[in-house]
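Single-letter residue listing:
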Amino acid sequence: MPTPPKATPLAAGTRVQVRGTPSGLTLVVPTGTVVGPDPDWDGYYIVRLDKPARYYCHGADEPLDEIIEAADNLERLHPPA
């Protein structure tokens, strides 16, 4: 059985859309820009969101400009033609 092709790594500056809703967060907009790969988690990327997400922690919510997300949950956005 052939192995599936490996996904192309996401380069810094790539525009992406987050699929689904990350746990503990409310996304104001699901889009952002890849900052780079997470240094500790293989296959995860740091994404700077277009608008801060709301992170729920200890009964209060905090703005969150960047999230760490698995590559499988990021859809590459193509620039408009």
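Preceding this section is the structure that the text describes.
The text that follows walks through the structure, step by step, so that each part is easy to find. (Residues numbered from 1 in each chain as written. Predicted model: local features only at pLDDT ≥ 70, side-chain atom pairs only at ≥ 80, totals over all residues. Heavy atoms only, no water.)

**Focus: the overall build of the protein chain**
Step number 1: A count of helices and strands for the protein chain gives zero helices and six strands.
Step number 2: Counting only residues that meet the buried cut, the protein chain has 27% of its 81 residues in that class.
Step number 3: For the protein chain, contacts bridging at least 24 residues in sequence account for 44% of all contacts bridging at least 6.
Step number 4: Counting every atom, the protein chain has about 5900 Å² of accessible surface; 56% of that belongs to carbon and sulfur. (Helix = DSSP H or I, 4+ residues; strand = E, 2+ residues; numbered from the N terminus. Buried < 20%, exposed > 50% of the residue type's maximum accessible area, 1.4 Å probe, protein only. Contact = heavy atoms within 4.5 Å. Areas by Shrake-Rupley, 256 points an atom, 1.4 Å probe, with all protein chains shown as cover.)

**Description of the side chain of aspartate 38**
Step number 1: Here aspartate 38 is to be found in the loop between strand 3 (31-37) and strand 4 (44-57).
Step number 2: Notably, aspartate 38 is buried but unbridged: the nearest opposite-charge side chain belongs to arginine 48, and the N-O separation is 14 Å.
Step number 3: A distance of 2.7 Å separates the side chain of aspartate 38 from the backbone nitrogen of aspartate 40, its partner in a polar contact.
Step number 4: Among the polar contacts made by the side chain of aspartate 38, one reaches the main-chain amide nitrogen of tryptophan 41 at a distance of 2.8 Å.
Step number 5: The residues touching aspartate 38, leaving out its near neighbours within four places in the chain, are Tyr44, Tyr45, Ile46 and Ile68. (Lys, Arg positive; Asp, Glu negative; His and termini not counted. Salt bridge = Lys/Arg side-chain N within 4 Å of Asp/Glu carboxyl O. Polar contact = N/O pair within 3.5 Å; in protein donor to acceptor, adjacent residues only side chain to side chain.)

**Observations concerning the pairing of strand 1 (residues 15-18)**
Step number 1: Only one face of strand 1 is covered, namely the one carrying Val16 and Val18; the face carrying Arg15 and Gln17 has none of its residues buried.
Step number 2: The pairing of strand 1 with strand 3 spans three bridges and is classified as antiparallel. Within strand 3, the residue paired with arginine 15 across the bridge is threonine 33.
Step number 3: Pairing of strand 1 with strand 6 (residues 74-76), which is carried by three bridges, proceeds in the antiparallel orientation. Opposite valine 16, over in strand 6, you have arginine 76 as the bridge partner. (Pairing = 2+ DSSP bridges.)

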